[in-house]
Amino acid sequence: MESITAVKGFKDVLPPETDKWRQIEMTAHEVFSTFGFKEIRIPLIEKTELFCRSIGETTDIVEKEMYTFIDRGEESLTLRPEATASVIRAYLEHALHAAEAVTKLYTIGPMFRRERPQKGRYRQFHQIDAEILGPDDPRTDAELILMLIHFLGKLGLRNLNLEINSLGCAQCRPAFREAIISFLRGREEDLCGDCRRRLSANPLRVFDCKVETCAEIVALAPLLPDFLCGECRGHFEKVQACLSLFDRPFRLNAKMVRGLDYYTRTTFEVTSEFLGAQNAVVGGGRYDHLVRDLGGPDIAGIGFAIGFERLAAMIPQGVADAAVQGPVLFIAALGERALETAFLLCNRLRMKSIRVEMDHTGRSLKSQMKRADKLKSRYTLILGDREISGNKAVLRTMQTSTQEEIGLDCLEETIIELAR
Ligand code: ATP
Ligand code: MG
């Protein structure tokens, strides 16, 4: 019979890659909680309208990448393409803003976008997402970015490119919009179909277009930072000054607009040449109107999303291997009575949190010793029916290849002592 494969763009994560994933997750929990973040878990499915209203109707994500379906003829639902909208939906639904002036939340999980699958781009991928809701001061922006760089550093990632920009606010963006529309109108026939269509609805999207001719046009376009109002300029300068207090280099990139409509003021991206064509590992920015646009009070916010697969690809497997140890003990049991004793001992020790492995098939001693070696077990207990009759077992220290006899009566205590 023909076997069934996974859906295109949906990927299994296998061991030992999963060890690396867990290592990343544990580091995120540790670093983020040090910076005062609490974890939130949100549903995979939301009402479609949530994403249309937040991400924006004329963005790539909403226009062509969402997995949207009508749930049994009733309502339009969507597999979440990103986490920020859901986090804010939950923040408002449970009135978290009423309890705290500053709410720092993070979440880790799968996102879904119907893109063309390729290296570093999948239809189900994972993100580590962090959001700070409440303050709009520039120190908050700097703090979030510093936490991000610190987190990446803890995973051994340095020499990454951090790029920042400011997209301005409702005061200064209209003037830029006018300037960019009139600039693009003059070159309309050279733009790709998508950009031509979006020209008046969402001219900033042209900055994000990957078509070469559009990129050439954009290279000459007016730049957002030149249009910033005094307040936005001051805010952006302060963000840079705060970042400069730490030895974390960054670059200004006036053309970075990010692919979602809700951003205002500070935006940032972390890229790495190591990743090839899909080089962005983190995207983030401030969104001072999103909470209000989703029906909440006037509360500012800023956040980032780390692409989990791209992050994992940059971390050598060895980093995780060091954290994942082999068993403390391998029990090589030969014969039915020995298997019985080993089964009992093995599972009793595991219930005391000691990593123990055994082979239930009673294969030859040689092949069991081979397996103990392969699993990198610290000790191997050799237990045959003869040893059982003699009320003893042989304990081998794998690193030194030394053996000693221990009595069956004190077996459990001896192993517990060794495992300390
Ligand atoms: P890109 O320009 O690569 O499409 P994006 O701007 O769409 O990225 P964001 O929406 O900002 O990405 O998401 C943040 C991060 O999530 C990205 O920097 C990337 O690491 C990761 N990411 C986004 N889309 C995918 C995908 N389809 N597969 C794997 N990772 C992704
Ligand atoms: Mg994208």
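Each remark here, short or long, concerns the structure printed above.
Residues numbered from 1 in each chain as written. Chains lettered and ligands numbered in written order. Predicted model: local features only at pLDDT ≥ 70, side-chain atom pairs only at ≥ 80, totals over all residues. Heavy atoms only, no water.

Colleague: So what exactly am I meant to see when it comes to the pairing of strand 7 (residues 161-166) here?
Modeller: Consecutive side chains of a regular strand alternate in pointing toward one face of the sheet and then the other. Counted residue by residue, strand 7 has five buried out of six residues, so it is predominantly covered. With six bridges connecting them, strand 7 and strand 9 (residues 264-271) associate as antiparallel partners. Paired with glutamate 163 across the bridge in strand 9 is glutamate 269. Pairing of strand 7 with strand 8 (residues 251-252) involves two bridges; the strand directions are parallel. Across the sheet, residue glutamate 163 finds its bridge partner in strand 8, namely arginine 251. (Buried < 20%, exposed > 50% of the residue type's maximum accessible area, 1.4 Å probe, protein only. Helix = DSSP H or I, 4+ residues; strand = E, 2+ residues; numbered from the N terminus. Pairing = 2+ DSSP bridges.)

Colleague: Is there a simple way to think about the pattern of salt bridges in this case?
Modeller: In a structure, side chains of opposite charge can pair up when their charged atoms sit close to one another. For the structure on display, the rule yields 29 salt bridges. The shortest N-O distance in the salt bridge between arginine 251 and glutamate 163 comes to 2.2 Å. Separated by 88 residues along the polypeptide, arginine 251 in strand 8 and glutamate 163 in strand 7 bring together distant segments of the chain. When its relative accessible area of 48% is taken as the criterion, arginine 251 is described as partly exposed. The residue glutamate 269 makes a salt bridge to arginine 258 at a minimum N-O spacing of 2.8 Å. (Salt bridge = Lys/Arg side-chain N within 4 Å of Asp/Glu carboxyl O.)

Colleague: Got a minute to help me understand the nonpolar core in this structure?
Modeller: General note: in soluble globular proteins, nonpolar side chains tend to be found buried as a group. Grouped together as the largest cluster of nonpolar side chains are 84 residues, with contacts concentrated most on Phe32, Phe151, Phe304 and Leu311. Broken down by element, this core gets its largest block of residues, nine residues, from helix 6 (residues 138-154). For leucine 311, the residues in contact, after removing those within four places along its chain, are Ile24, Ile128, Phe151, Leu152, Leu155, Leu157, Val281 and Ile306. In this structure, Leu329, Leu383, Ile388 and Ala393 belong to the second largest nonpolar core, which totals 23 residues. (Core = buried A, V, L, I, M, F, W, Y, C linked by side-chain atoms within 4.5 Å. Contact = heavy atoms within 4.5 Å.)

Colleague: Looking at this model, I keep getting lost on helix 6. Mind explaining?
Modeller: An α-helical turn contains 3.6 residues, so a residue and the one three or four places further along point in the same direction. Here helix 6 contains 17 residues, and its C-alpha end-to-end distance of 24 Å stays within 8% of the 24 Å for a straight helix at 1.5 Å per residue. In terms of burial, helix 6 is a largely internal element, 13 of the 17 residues being buried. Glycine 156 occupies a position one or two residues after helix 6 and carries a positive phi of about 90°. (Expected span 1.5 Å × (residues − 1).)

Colleague: Please clarify how the pairing of strand 16 (residues 402-407) should be interpreted in this entry.
Modeller: Of the strand pairs in this sheet, strand 15 (residues 392-397) and strand 16 are connected by six bridges, and their pairing is antiparallel. Bridge pairing links arginine 396 to glutamine 403 in strand 16. Linkage of strand 15 to strand 16, two consecutive antiparallel strands, is achieved through a turn of four residues, within which serine 401 is found at a positive phi near 55°.

Colleague: Help me understand the environment of threonine 107, please; the structure alone is not making it clear to me.
Modeller: Tracing the backbone shows threonine 107 in strand 5 (residues 103-112). Distance from threonine 107 to glutamate 131, taken between C-alpha atoms, is 9.0 Å for residues 24 residues apart in sequence. Among all residues touching threonine 107, those that are not within four sequence positions of it are Ile40, Arg41, Ile42, Ala83, Val87, Gln127, Ile128 and Asp129.

Colleague: How should the site of ligand 1 be read in this particular structure?
Modeller: Around ligand 1 sit 15 residues, and of these Arg113, Glu115, Arg121, Arg258 and Ala280 come closest. Within the contact set of ligand 1, a nitrogen atom lies 2.9 Å away from a backbone nitrogen or oxygen of tyrosine 122. Look at ligand 1: alone it shows 580 Å² of surface, and the protein chains cover 90% of it. At the level of elements, strand 6 (124-134), strand 10 (280-286) and strand 11 (300-307) are the ones that each hand at least two residues to the shell around ligand 1. Class assignment of the residues belonging to the shell around ligand 1 gives a composition of six nonpolar, three polar and six charged. (Near = heavy atom within 4 Å. Polar contact = N/O pair within 3.5 Å; in protein donor to acceptor, adjacent residues only side chain to side chain. Areas by Shrake-Rupley, 256 points an atom, 1.4 Å probe, with all protein chains shown as cover. Nonpolar A, V, L, I, M, F, W, Y, C, P; charged D, E, K, R; others polar.)

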